[in-house]
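Reading the structure
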Amino acid sequence: MLDRKSELEAFKALNLSVIASAHGYEIVKKKSTKSSVLMSNGADKIVVSQKGQRYIYFSVHDPASNGTAIDFAQRVIDPGLSTH
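Bear in mind the structure is a predicted one, so any value in this text is a computation, not a measurement.

**What to know about the overall build of the protein**
Within the protein, the secondary structure is distributed over three helices and five strands. Going residue by residue from the N terminus, the α and β elements of the protein occur as α-α-β-β-β-β-β-α. When each of the 84 residues of the protein is scored for burial, the buried share is 27%. Sequence-distant contacts, at least 24 apart, represent 29% of the contacts inside the protein between residues at least 6 apart. Working note: accessible area of the protein is about 5,700 Å², and carbon and sulfur atoms make up 55% of it.

Have a look at this one:
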């Protein structure tokens, strides 16, 4: 069984493009590269890339929306979600 810190680190290592796909985002192949993937969900667009062991994202239209899979879950999937 993982402790809380290890559990959070494991979640950050999940492939964020797969998580985003499960929530309606689609890969824009023409605008994606080997190192980053552009994904869209209607007018919302995010870029997903891998940094070391973690996947990170940033919103094309909202500079404040960026981070790991945890941040994506809290800001995009369920804004009321807390890790506490």
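**Looking at the pattern of salt bridges**
Note on pairing: side chains with opposite charge can pair once their charged atoms come close. For the coordinates displayed, the defined rule picks out two salt bridges. Of the charged contacts in the structure, one is a salt bridge between E9 and K12, with a shortest N-O distance of 3.3 Å. Separated by three residues within a single helix, E9 and K12 lie in helix α1 (residues 4-12), roughly one turn from each other. Linking E9 and R54 is a salt bridge whose minimum nitrogen-to-oxygen distance equals 3.0 Å. Of this pair, E9 sits in helix α1 while R54 sits in strand β4 (residues 54-59), and the two are 45 residues apart along the sequence. The class for E9 is partly exposed, based on a relative accessible area of 33%. Here the residues in one salt-bridge network are E9, K12 and R54, joined through shared partners.

**A short note on the packing of aromatic side chains**
Counted by the stated rule, this structure contains two aromatic pairs. Ring centres 5.7 Å apart and planes at 65° place the aromatic pair Y25 and F72 in the edge-to-face group. With Y25 in the loop between α2 (16-22) and β1 (26-27) and F72 in helix α3 (residues 69-77), the pair connects residues that are 47 residues apart, well separated along the chain. The pair Y25 / F72 is uniform in exposure class, with both members buried. Between Y57 and F72, the ring centres sit 5.2 Å apart and the planes meet at 80°, which makes this aromatic pair edge-to-face. Of this pair, Y57 sits in strand β4 while F72 sits in helix α3, and the two are 15 residues apart along the sequence.

About the criteria used
Residues numbered from 1 in each chain as written. Predicted model: local features only at pLDDT ≥ 70, side-chain atom pairs only at ≥ 80, totals over all residues. Heavy atoms only, no water. Helix = DSSP H or I, 4+ residues; strand = E, 2+ residues; numbered from the N terminus. Buried < 20%, exposed > 50% of the residue type's maximum accessible area, 1.4 Å probe, protein only. Contact = heavy atoms within 4.5 Å. Areas by Shrake-Rupley, 256 points an atom, 1.4 Å probe, with all protein chains shown as cover. Salt bridge = Lys/Arg side-chain N within 4 Å of Asp/Glu carboxyl O. Phe/Tyr/Trp six-rings, centres within 6.5 Å; stacked < 30°, edge-to-face > 60°.

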